[in-house]
Amino acid sequence: MRILGVDPGLTRCGLGVVEAAGGRKVRLVAVDVVRTPAEQSPHLRLLTVAEALDAWLAEHRPDVVAVERVFAQANVRSITGTSQVAGVAMLAAARAHLPLALHTPSEVKAAVTGNGRAEKVQVQEMVMRILGLAARPKPADAADALALAICHAWRGGGVGSAVRASYGGADTLPRAVGTGLTPAQRAWAEAERAARRAGAVAPKG
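Residues numbered from 1 in each chain as written. Predicted model: local features only at pLDDT ≥ 70, side-chain atom pairs only at ≥ 80, totals over all residues. Heavy atoms only, no water.

The next thing to look at is the UniProt feature "binding site: Mg(2+) 1" (unreviewed entry) in the protein. The sites that UniProt annotates as "binding site: Mg(2+) 1" (unreviewed entry) are D7 and D141. The annotated residues occupy 135 residues of the chain but converge on a single region, no pair of C-alpha atoms lying more than 6.2 Å apart. As for its position among the elements, D7 is in strand β1 (residues 2-7). A relative accessible area of 0% places D7 in the buried class. Within the secondary structure layout, D141 lies in helix α5 (residues 140-154). Those residues within four positions of D141 in sequence are excluded, and the remaining contacts are D7, R12, G14 and V33. (UniProt positions renumbered as here; feature names shortened; annotations may be inferred. Helix = DSSP H or I, 4+ residues; strand = E, 2+ residues; numbered from the N terminus. Buried < 20%, exposed > 50% of the residue type's maximum accessible area, 1.4 Å probe, protein only. Contact = heavy atoms within 4.5 Å.)

Now the structure itself:
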C-alpha cells in the first residue's frame, strides 16, 4: 500500500509518500515541502498547494491520502490557513477518487514515538530510524508528513473507519490493554481514546 501523508500549512505544506509492506515494514518513496510566500494572495497560495498535490498524486499514485486532523489554536490566522490547506488536500483526494484518512497529531506522535506528547525533534528522529534514513527529515513539516503516512500504514489501512471516527462515528476504538501490544501501540491507542473523549487535542506545533 502506498500512502501520501499531508501535513497542512499555508507557508509550508509537508508531503511524504511511503510504501507499506507486511510486518510493519515501510520504505520512503518521496518527501518534500510546498512553500508559498506570505505576501501572495491567499487564493493563489492555495492554488500553488493544490497544483503540487495534483502533481504528486499523478506521479506517485498513492492508494490512500492521510491528512492531519486540524484543531483550534489561539492563533486564528494560523489555524485558518492550516484548515484551508487541509480542505484542499481532502478535495484533491476526492477528485482523484482516493480514500481519505484523518489522524490527530497526538495519534501520529504516539504511533511513531510511543509518546503522544513527543517533541518535533523526537518525531524527526524516529521517522529517520523507521525509514532507515541517513539524516533527520527537515524541515519538521516534511517529517510530520512522513509520520502521518507511517501512522496510517501501521493502523492497518482502516481508511473508512479513520474518516468515520474523525467525525464522531461509532467505530470500535483500538484496544489499549492486553497481550501482544508494543508500548507504541498502547500509547497510540490511549492517545486516540483521549482525543475522542475530549473532542480535541493539544494544538499543532
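Structure's up, so let's keep going.
Now for the nonpolar core. Ranked by internal contacts, the top residues of the largest apolar core, which has 24 residues, are L4, V6, L15, L53, V65 and V67. Elements represented by at least two residues in this core include exactly β1, β2 (12-20), β3 (26-35), α1 (42-60), β4 (64-68), α2 (76-95) and β5 (100-103). Every residue in contact with V65, bar those within four places of it in the chain, is listed here: L4, V6, L57, A93, L98, P99, L100 and A101. (Core = buried A, V, L, I, M, F, W, Y, C linked by side-chain atoms within 4.5 Å.)

Per the UniProt annotation, the sites labelled "binding site: Mg(2+) 2" (unreviewed entry) are E68. Along the chain, the position of E68 falls in strand β4. You can call E68 buried: its relative accessible area is 7%.

Moving on: the environment of A92. Assignment of secondary structure puts A92 in helix α2. Classification of A92 as buried rests on a relative accessible area of 7%. Residues A92 and D54, 38 residues apart in the sequence, show an inter-C-alpha distance of 6.5 Å.

The next thing to look at is the packing of helix α3 (residues 105-113) against helix α4 (residues 120-131). Two elements in contact, α3 and α4, have axes whose closest approach is 9 Å; the angle formed by their N-to-C orientations is 50°. Between α3 and α4, the angle falls in the class oblique. By crossing handedness, the relation of α3 to α4 is classed as left-handed. From α3, K109, V112 and T113 reach across to α4, where they touch Q122, V123, M126 and I130. (Axes fitted to C-alpha atoms, helices over the stretch in contact; angles between N-to-C directions. Parallel < 35°, antiparallel > 145°, perpendicular 65-115°, else oblique. Left-handed = near helix turned anticlockwise from the far one by under 90°.)

Time to look at α3. Within α3, 7 of the 9 residues are buried, leaving the element largely enclosed by the surrounding structure. Within α3, the full set of buried residues consists of P105, S106, E107, V108, A110, A111 and V112. Residue G114 follows α3 closely and has a positive phi angle near 85°.

Spatial strand order, β3-β2-β1-β4-β5: 5 strands in an open sheet with mixed pairing. Either end of the sheet is taken by a strand with one partner, and the two such strands are β3 and β5. Geometrically, the sheet is characterised by an average inter-axis angle of 20° between neighbouring strands, direction not taken into account. Inspection of the sheet shows β2 paired to β3 by 9 bridges, in the antiparallel sense. Looking across to β3, one finds that G16 is bridged to V31. (Pairing = 2+ DSSP bridges.)

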